[in-house]
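Commentary on secondary and tertiary structure
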Amino acid sequence: MLRVFASKTEKKTLTYLYSKETWSSGCITHFLWNRGYFNSSYVYRAEADRFCGREYFGGAKASMESLKNFQEGILETALHQRHTKKDAKINELMACVPKLPADWDKWIDGSVLKESRYIYYRRIKKKHINGFCTHCRSDVQLGYAKHGQKGKCPHCKSHITFKAEGRATKIYDCQYAAVVQRLHGSTDLVVRVFRIEREFLDHYRNPETRWFEQRRRFLFNDRSSATYVPRWQYEYKIRASEWRLFNQNQLYKQHLYVKGLEATIRNTSFEFSCIKQFAQKNQKYIGVFSYLLKYQRYPSIEYLQKMGFNTLVNEIVAGFDSESFGISLSASSPDRLFGVPNQLVSFFRKVDISHWSYAVAKLCYEKGKHFSKEDIAKASDVPLGYNSWKAMGKLLEITSLSRILNYFTYMDPDQYYAGGYLHTWLDYILEADELGYDLTKKSVLMPKDLLKAHDATSVIIKEKRNRENEEKIKNMSEEINQAYAYTSEELFIRGPMDADELIKEGAALQHCVGGYIRRIAKGETTVLFIRLKSRPDEPFYTVSINDNAKVSQVEGFARSRPTKEVRLFIEEWQTHILKKQTRAA
């Protein structure tokens, strides 16, 4: 149950909710629709009340419908007043934004759309080519032209791209541009971002160039910021302000208008941000918002920029977590920034390090490993992921940086998945070390097929850790030796004593017998060792027998075939021992 009080003079309504014993200024439909429907037939009113309602609100509609319209009108008016007040503040802020520079159009054509220059050509004869340069708007004679190739205009000397008239029917070029401006009568800044478009259709002699503003990011002296976008991009409602607040940053880079930029940011918190130098080093194509916000958070970017660490700054702006790489961006001086001696910092400046190459160089320094300028430059080109340098630190305990990088080049010439290879390699080395492989050997440390070698060690490790299989093999050892052991003048054959011996056999002879542990324990196959009497503990050849008591494989080092002496020994062993087992079976 509820009771509604309405006043046309004050343009207010109040509803008393008996169930909650509270007052509300909401519309009556809100309370009734919450119960599943709004229907005037479910509301009790006296006939006199119906007449009074129509007479009070005016019109011929029922009193409930009139009350609903009256309340909705009040709420709509209040919403409009709030929007008007909010939009007035936005308009007041936008009124402080200066006009665009006088040479803006000229700068767009000369810098932003520098790559949007073409010569449309048409062959008249084999040696006569008529062309039209869209930049200098001149008809030119060409000696050579090929569709899609780069060249120079013989008239204006600008770099162009050749386009054949019949093939290039539609070209659409799009770029983004940004300008940093100071608000009128303030030291606050605004970064304005524009979308620049140029379209060449059949009218390539008169291309259509258009641009429109997409973002305005305000940077205030109190270190706060706000982004506004044109309202038409996201809604179609007509409001007092053409701009609305937006909670996302741009995800693209822009060509930065740098003329007069130093004067614009003078006496602001960004005076020493070095954004002009950063833009010029990157051909004026940067993430302007990201750079300024990163500088606002880490003023040490100024040191990095002035010291020439352009690659490092680019990665910081892109979102690299410098702290995880050991670079302290909150440091107050350059020597504390890297946490290494000044001599090493000078070395860093010469190679323009990245986060990854810095971490590698620092690891080499801490572990006393030699590294050259070429090694660090090569490390910068290897696209490794976060925390990959930790795995590199463990690898450096085993081998040199130069060998590691050369192995990467061998394994992944295109450097597509270097980070994955690094962790796979480290995992393989740890497993090989656990298995007792000799990591001083290059063939073991750097296998030709890393993924295959890693899969093999993983299987062996899994089998090794299966204690149940180990116990079965130990229990089977005596039985196998009784059944298959044999001795000649120079050689003898016997079974494995345990799973570890199988693993060592595979590691020493570089074959896959270590991966047979599970099958041996199940009795699916039998493995025997051929040894020299003069060296009984040194692996020589491995023999495997299937469940029919027949020899299926005989392998020596690196899967080599048996020698003549070994073949004769196996024939003798088969005659005296194996045939007896076959008959017994």
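Our structure is the block above this text.
These remarks concern the structure in this document. All values derive from a computational prediction rather than experimental measurement.

Let's shift gears to the overall build of the protein chain. Along the backbone of the protein chain there are 22 helices and 20 strands. Within the protein chain, the fraction of its 585 residues that count as buried is 45%. Counting contacts in the protein chain only where the partners sit at least 6 residues apart, residues at least 24 apart contribute 56% of the total. Split by element, the accessible area of the protein chain, about 32,900 Å² in all, is 50% carbon and sulfur.

Moving on, we get to the packing of aromatic side chains. For the structure shown, the criterion picks out 25 aromatic pairs. An angle of 40 degrees between the planes, with centres 5.2 Å apart, marks the rings of Trp104 and Trp107 as tilted. Here the residue Trp104 and the residue Trp107 both occupy positions in helix 4 (residues 104-112), the gap between them amounting to 3 residues, near one helical turn. Neither Trp104 nor Trp107 differs from the other in exposure class; each is buried. Plain terms: the ring middles of Trp104 and Trp211 are 6.3 Å apart, the flat faces sit at 75 degrees to each other, and that makes the pair edge-to-face.

Turning next to the pairing of strand 14 (residues 254-257). Bridge count for strand 9 (residues 171-182) against strand 14 is 3 bridges, and the pairing is parallel. Bridged to Ala177 within strand 14 is His255.

Relative to the helices and strands, Thr268 is located in the loop between helix 5 (261-265) and helix 6 (275-281). Exposure remark for Thr268: the relative accessible area of 9% places this residue in the buried category. Within polar-contact distance, the side chain of Thr268 engages the backbone oxygen of Ile265 at 2.6 Å. Those residues in contact with Thr268 that lie beyond four places of it in its chain are Arg182, Thr187 and Leu189.

Right, let's talk about helix 13 (residues 373-380) for a bit. Structurally, the α-helix is built with 3.6 residues per turn, so residues lying three or four positions apart point the same way. Buried within helix 13 are the following residues: Asp375, Ile376 and Ala379. Axial view of helix 13: buried residues confined to an arc of 95 degrees, hence all on one face. In this structure, the buried residues of helix 13 make contact with helix 11 (342-351), helix 12 (355-366) and helix 15 (401-411).

With that out of the way, let us pick up the packing of helix 13 against helix 15. The N-to-C vectors of helix 13 and helix 15 enclose an angle of 40 degrees; their axes lie 10 Å apart at closest approach. On the basis of their axis angle, the class for helix 13 and helix 15 is oblique. Relative to helix 15, the crossing made by helix 13 is left-handed. On helix 15, the residues that touch Asp375, Ile376, Lys378 and Ala379 of helix 13 are Leu401, Ser402, Leu405, Asn406 and Thr409. Its residues assigned to classes, the contact of helix 13 with helix 15 comprises 4 nonpolar, 3 polar and 2 charged.

Right, let's get into a nonpolar patch on the surface. On the surface, a cluster of nonpolar side chains totalling about 330 Å² of accessible area is made up of Phe5, Leu14 and Trp23. Following the sequence through the fold, Trp23 ends up in strand 3 (residues 22-24).

A separate point is helix 15. Looking at helix 15, one finds that the buried residues are Leu401, Ile404, Leu405, Tyr407, Phe408 and Met411. Take helix 15 and look down its axis: the buried residues cluster within an arc of 160 degrees, on one side only.

Our focus in this paragraph is the environment of His83. Among the structural elements, His83 can be located in helix 3 (residues 63-94). For His83, a relative accessible area of 25% corresponds to the partly exposed category.

Okay, the pairing of strand 11 (residues 208-219) next. In this sheet, strand 11 lies alongside strand 10 (residues 189-200) in antiparallel orientation, the contact comprising 11 bridges. Among the inter-strand pairings, Leu189 is bridged to a residue of strand 11, identified as Leu219. In terms of strand pairing, strand 11 meets strand 12 (residues 225-230) through 4 bridges, oriented antiparallel. Bridging from a neighbouring strand, Arg217 pairs with Thr227 of strand 12. The antiparallel pairing of strand 11 with strand 12 creates a hairpin that spans 5 residues between the two strands, and Arg223 there sits at a positive phi of about 75 degrees.

Further remarks concern the pattern of salt bridges. Between side chains of opposite charge, pairing is possible as soon as their charged atoms come close. Applying the stated criterion to the full structure yields 17 salt bridges. A salt bridge links Asp103 to Lys259, with the shortest nitrogen-to-oxygen separation between them at 3.4 Å. Of this pair, Asp103 sits in the loop between helix 3 and helix 4 while Lys259 is found in the loop between strand 14 and helix 5, placing the two residues 156 residues apart along the sequence. Between Asp139 and Arg205 there is a salt bridge; the shortest N-O distance is 2.8 Å. Of this pair, Asp139 sits in strand 6 (residues 138-142) while Arg205 sits in the loop between strand 10 and strand 11, and the two are 66 residues apart along the sequence.

Now for the sheet that holds strand 7 (residues 150-152). In any sheet, the strands associate via hydrogen bonds between backbone groups, in a parallel or an antiparallel arrangement. Strand order in the open sheet formed by 5 strands is 6-5-4-8-7, and the pairing between neighbours is mixed. Here the strands that pair on one side only, and so sit at the sheet edges, are strand 6 and strand 7. If you compare each strand with its neighbour and ignore which way they point, the axes differ by 40 degrees on average. Pairing of strand 4 (residues 118-125) with strand 8 (residues 159-164) involves 4 bridges; the strand directions are parallel. Across the sheet, the residue bridging to Tyr118 is Thr161, located in strand 8.

For the rest of this paragraph, the subject is unusual backbone geometry. The backbone phi angle of Arg137 is positive, close to 55 degrees, even though this residue is not glycine. With respect to the secondary-structure elements, Arg137 resides in the loop between strand 5 (128-133) and strand 6.

This brings us to the sheet that holds strand 3. As summarised here, the arrangement of the 3 strands in space is 1-2-3, forming an open sheet in which the pairing is antiparallel. The sheet terminates laterally at strand 1 (2-7) and strand 3, the two strands that pair on one side only. Mean inter-strand twist for the sheet, computed between neighbouring axes without regard to direction, equals 20 degrees. As paired strands, strand 1 and strand 2 (residues 12-17) are joined by 6 bridges and run antiparallel to one another. Counterpart to Ala6 in the pairing with strand 2 is Thr13.

In this section: the nonpolar core. Core analysis: the largest hydrophobic core is formed by 89 residues, its most contacted members being Leu256, Phe338, Phe348, Met392 and Trp425. Apart from the residues within four sequence positions on either side, Met392 is in contact with Trp356, Val360, Leu363, Leu401, Ile404, Phe408 and Leu422. Ala483, Leu491, Leu532 and Phe569 belong to the second-largest nonpolar core, a separate cluster that totals 20 residues.

Each value, and the rule that gives it
- Residues numbered from 1 in each chain as written.
- Predicted model: local features only at pLDDT ≥ 70, side-chain atom pairs only at ≥ 80, totals over all residues.
- Heavy atoms only, no water.
- Helix = DSSP H or I, 4+ residues; strand = E, 2+ residues; numbered from the N terminus.
- Buried < 20%, exposed > 50% of the residue type's maximum accessible area, 1.4 Å probe, protein only.
- Contact = heavy atoms within 4.5 Å.
- Areas by Shrake-Rupley, 256 points an atom, 1.4 Å probe, with all protein chains shown as cover.
- Phe/Tyr/Trp six-rings, centres within 6.5 Å; stacked < 30°, edge-to-face > 60°.
- Pairing = 2+ DSSP bridges.
- Polar contact = N/O pair within 3.5 Å; in protein donor to acceptor, adjacent residues only side chain to side chain.
- Arc of directions from axis to C-beta.
- Axes fitted to C-alpha atoms, helices over the stretch in contact; angles between N-to-C directions.
- Parallel < 35°, antiparallel > 145°, perpendicular 65-115°, else oblique.
- Left-handed = near helix turned anticlockwise from the far one by under 90°.
- Nonpolar A, V, L, I, M, F, W, Y, C, P; charged D, E, K, R; others polar.
- Patch = residues over 30% accessible without salt bridge, like charges linked within 9 Å, V, L, I, M, F, W, Y side chains within 5 Å.
- Salt bridge = Lys/Arg side-chain N within 4 Å of Asp/Glu carboxyl O.
- Core = buried A, V, L, I, M, F, W, Y, C linked by side-chain atoms within 4.5 Å.

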